[in-house]
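# Per-entry structural report
Listed below are the residues making up each chain.
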Amino acid sequence: MLNDVGIYGLGSMGRNLSLNFVDKGFRVSVYNGLETDKKQNAQKFTDDNTSTKTLYGFTNLNEYVFSLTKPRMIIIIVTAGEPVNDVIAQLVPLLDRNDTIIDAGNSHYADTTSRLQKLSKYGIYFIGCGISGGWKGALHGPSVMLGGSAEVSEKVTELFDKVSAKDEHGHPCCKWMGNEGAGHFIKMIHNGIEYAMMQTIAEAYDILKKVLRLSNSEISLIFSDWNREEISGYLISATSNVLSIKDEDGSCLIDHVIDKSLQKGTGKDIAICGLDYGVNVSVIIEAVNARFLSVSELRNNNNQYTNNANAINDKLDHEAVVNNLLDTIYCSHLTSIIQGIDLIQKVSGAQSWDISVDKVFAAWKNGCIIKTDVINDISALLNEYTLAEIMVRRIDVTRLDSLVGIVTLGAKTLIPLPASSATLNYLLAIVSN
Ligand code: 6PG
């Protein structure tokens, strides 16, 4: 009996997505590359999961491909860039017309479009599939952003509907975004917003820690409270959890994490895309820049400037600062999402992809890293108001005052707040005459 779907690549995402498909009743063939150690991993993975009877590991590429029912569907989850080209080159001689290759990694959307064009010469369909939710999402239900060969859009959407996260009404958070690289393009936008949200959260943490001098457990509780407010979402809840984790010696794990952050490239890609298309994605760009600076040799620890947080702290109304931070995160999350949507509309028009923002929000409802009530809030207003009107309606004078207060406090206490400051400057430029 032949199998329903193939997974190529057994990193944490590939392994968990395979198990998710098996769990939904699919017969799954897995393969892990041509090198000997990688081959063995495929066998070991199936041996380790012997209770899952419909998971089949292959160490021979031909046997793997021929184990699949025709027309075949093969999902590749490997590192973006050359590895994707290598895998496609291995598969093409073994595939038939009408087979489909689905790239579920974080490929650049322009690469996806050009791969699709090349493969169409062989009659092979190609899909760029953005998957969000990390390894846990891959296992229990990710958010899925699809795009590529329109001929197989329904079939591929049906396939991923089964394994994706579901919203509160049980609808799959899996959507077809458009032709060519539209799926990977939306995943890139997702990641840019993710970078911006993480940076804003880090800035709030810095103020709570260095200005209000709160402990990690106190900050964890604040984030837990915030997760019941209008900024409730995956990253807010994850921050609360992370801050409460203790190391083996009883100290806080967070205090052992170095303050350097690299990136895999999607953040940089959206920054370049914004500049290419003339769309201001400043909050996202500042988040990317913050990562660059975090690993820059220009950083040094000479304390030439005295941080006057101590003197200021005595005079601060702590509760007011916490409330202002909540507003600041709301403003910044809202702004980065609106900047992302602005870029989607511009690129979608230029590429004739006709991407529906409603579908994007539906895919981001659950399962993804940027899942937040702020998206639901914007989504509810989008059919009635323009992006600029939404900003004005949602960022009222009180919220703006809070944001000004936090950016000023950051400057006075010598704490860099690049994303929050970019949010303020962007908003002022939108609303000022
Ligand atoms: C997700 C994440 C995931 C990962 C990215 C970005 O949606 O599950 O976006 O895809 O976080 O690869 O990684 P970097 O932050 O290292 O660039």
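As a reminder, the structure under discussion sits directly above these lines.
Sequence order sets the numbering: in each chain, residues are counted from 1 along the sequence as written. Owing to the predicted nature of the model, reporting of local features is limited to residues with pLDDT of at least 70; listing and counting of side-chain atom pairs is limited to 80 or more, with chain, interface and lining totals taken over all residues. Excluded from the side-chain calculation are hydrogens and water; included are all heavy atoms of the structure.

## A word on the sheet that holds strand 6 (residues 125–132)
- Two strands pair if DSSP finds at least two bridges between them. A helix here means a DSSP run of H or I that spans at least four residues, while a strand means a run of E at least two residues long, and both kinds are numbered starting from the N terminus. Strand order in this open sheet of 8 strands is 3-2-1-4-5-6-7-8, and the pairing throughout is mixed. Of all the strands in the sheet, the pair left with one neighbour each is strand 3 (55–57) and strand 8 (174–179). Each strand of the sheet is rotated relative to its neighbour by a mean of 25 degrees, with strand direction disregarded.
- Taken together, the 4 bridges between strand 5 (residues 100–103) and strand 6 define a ladder with parallel strand orientation. From the neighbouring strand, isoleucine 102 faces strand 6, where its bridge partner is isoleucine 127.
- Should any heavy atoms of two residues lie within 4.5 Å, those residues are considered in contact. Angles run from 0 to 180 degrees between N-to-C directions of axes, and those axes are lines fitted to C-alpha atoms, restricted for helices to the stretch in contact. Helix 1 (residues 12–23) rests against strand 1 (5–8), strand 2 (28–31), strand 3, strand 4 (73–76) and strand 6 of the sheet, and its axis sits at about 165 degrees to strand 1.
- Sitting on the sheet, helix 4 (residues 82–91) touches strand 1, strand 4, strand 5 and strand 6, and the angle it makes with strand 4 is about 155 degrees.

## Here's the deal with the site of the ligand
- Throughout, the term near means that a residue has one or more heavy atoms lying within 4 Å of the molecule or strand in question. For the ligand, the set of nearby residues contains 13 residues, the closest of which are Ser132, Lys187, Glu194, Tyr195 and Lys264.
- We define a polar contact as two N or O atoms separated by no more than 3.5 Å, with the added condition that, inside protein, one atom must be a possible hydrogen donor and the other a possible acceptor, whereas residues neighbouring each other in sequence contribute only through side-chain atom pairs. Between arginine 291 and the ligand, the recorded distance is 2.9 Å, taken from a side-chain N or O atom to an oxygen atom.
- Relative to its free-state accessible area of 410 Å², the ligand is covered by the protein chains to the extent of 81%.
- If one sorts the elements of the shell around the ligand by residue count, helix 8 (residues 182–211) sits on top with 5 residues. The method behind every accessible area is Shrake-Rupley, applied with a 1.4 Å probe, and residues are considered shielded solely by the protein chains displayed.

## Points about the packing of aromatic side chains
- Each Phe, Tyr or Trp ring, with Trp reduced to its six-membered ring, pairs with another whose centre is within 6.5 Å; inter-plane angles below 30 degrees give stacked pairs, above 60 give edge-to-face pairs, and intermediate values give tilted ones. Overall, the coordinates contain 11 aromatic pairs when judged by the stated rule.
- When the centroid spacing of 5.9 Å and the interplanar angle of 75 degrees are considered together, the rings of phenylalanine 21 and phenylalanine 160 count as edge-to-face. In this pair, phenylalanine 21 sits in helix 1 while phenylalanine 160 sits in helix 7 (residues 153–163), placing the two residues 139 residues apart along the sequence. Residue phenylalanine 21 shares its accessibility class with phenylalanine 160, and that shared class is buried.
- Summarising the aromatic geometry, the rings of phenylalanine 185 and tryptophan 353 are spaced 5.7 Å apart at their centres and angled 55 degrees between planes, so their arrangement reads as tilted. Placement of the pair is phenylalanine 185 in helix 8 and tryptophan 353 in the loop between helix 14 (318–351) and helix 15 (357–363), with a sequence separation of 168 residues.
- Accessibility here uses a 1.4 Å probe with only protein chains present; expressed as a share of the type maximum, an area under 20% marks a residue as buried, one over 50% as exposed, and anything in between as partly exposed. On the basis of relative accessible area, phenylalanine 185 is assigned to the buried category, the value being 0%.
- Taken together through their ring pairs, the aromatic side chains of Tyr8, Tyr31, Phe58 and Tyr64 make up a single cluster.

## Regarding the pairing of strand 8
- Note: strand 7 (residues 143–148) against strand 8, 5 bridges, orientation parallel. Residue pairing across strands places methionine 145 opposite lysine 175, the latter belonging to strand 8.
- In this region the chain leaves strand 7, passes through helix 7 and returns to the parallel neighbour strand 8; the handedness of that crossover is right-handed. Call a crossover right-handed when, viewed with both strands pointing away from you, the route from the first strand across the helix to the second goes clockwise.

## Regarding unusual backbone geometry
- The step from lysine 70 to proline 71 runs through a cis peptide bond, and the omega angle for that step is -10 degrees.
- Within the fold, proline 71 resides in the loop between helix 3 (61–66) and strand 4.
- Backbone geometry at asparagine 98 places phi at a positive 75 degrees, although glycine is not the residue there.
- When you line up the elements, asparagine 98 lands in the loop between helix 4 and strand 5.
- Unlike most non-glycine residues, serine 352 shows phi in positive territory, near 55 degrees.

## Digging into the nonpolar core
- If you look at the biggest cluster of nonpolar residues, it comprises 78 residues, and the most contacted ones within it are Phe185, Leu208, Trp226 and Trp364.
- For phenylalanine 185, the contacting residues outside a window of four places in its chain are Tyr109, Cys273, Leu343, Ile344, Val347, Trp353 and Ile355.
- Side-chain atoms within 4.5 Å link the members of a nonpolar core, which is a set of buried Ala, Val, Leu, Ile, Met, Phe, Trp, Tyr and Cys residues. Phe45, Ala104, Cys129 and Leu146 belong to the second largest nonpolar core, which has 32 residues in total.

## Overview of the pattern of salt bridges
- Throughout this description, the term salt bridge denotes a Lys or Arg side-chain nitrogen within 4 Å of a carboxyl oxygen of Asp or Glu. Counted by the stated rule, this structure contains 14 salt bridges.
- Residue aspartate 96 pairs with arginine 72 through a salt bridge whose shortest N-O separation is 2.9 Å. A residue pair is termed long-range when its members are at least 10 positions apart, and aspartate 96 in the loop between helix 4 and strand 5 and arginine 72 in the loop between helix 3 and strand 4 qualify at 24 residues.
- Residues participating in the shared-partner salt-bridge network are Lys70, Arg72, Asp96 and Asp99.

## What about the packing of helix 8 against helix 19 (residues 418–431)?
- Running from amino to carboxyl end, helix 8 crosses helix 19 at an angle of 110 degrees, the nearest separation of the two axes being 7 Å. With respect to each other, helix 8 and helix 19 are oriented roughly perpendicular. Counted together, Gln199, Thr200 and Glu203 of helix 8 and Pro418, Ala419 and Ser420 of helix 19 form the full contact between these two elements.
- Tallied by class, residues from the contact of helix 8 with helix 19 come to 2 nonpolar, 3 polar and 1 charged. Here roughly perpendicular refers to angles of 65 to 115 degrees, roughly parallel to angles under 35, roughly antiparallel to angles over 145, and oblique to all remaining angles. Side-chain classes are defined by residue name, with Ala, Val, Leu, Ile, Met, Phe, Trp, Tyr, Cys and Pro counting as nonpolar, Asp, Glu, Lys and Arg as charged, and the others, Gly among them, as polar.

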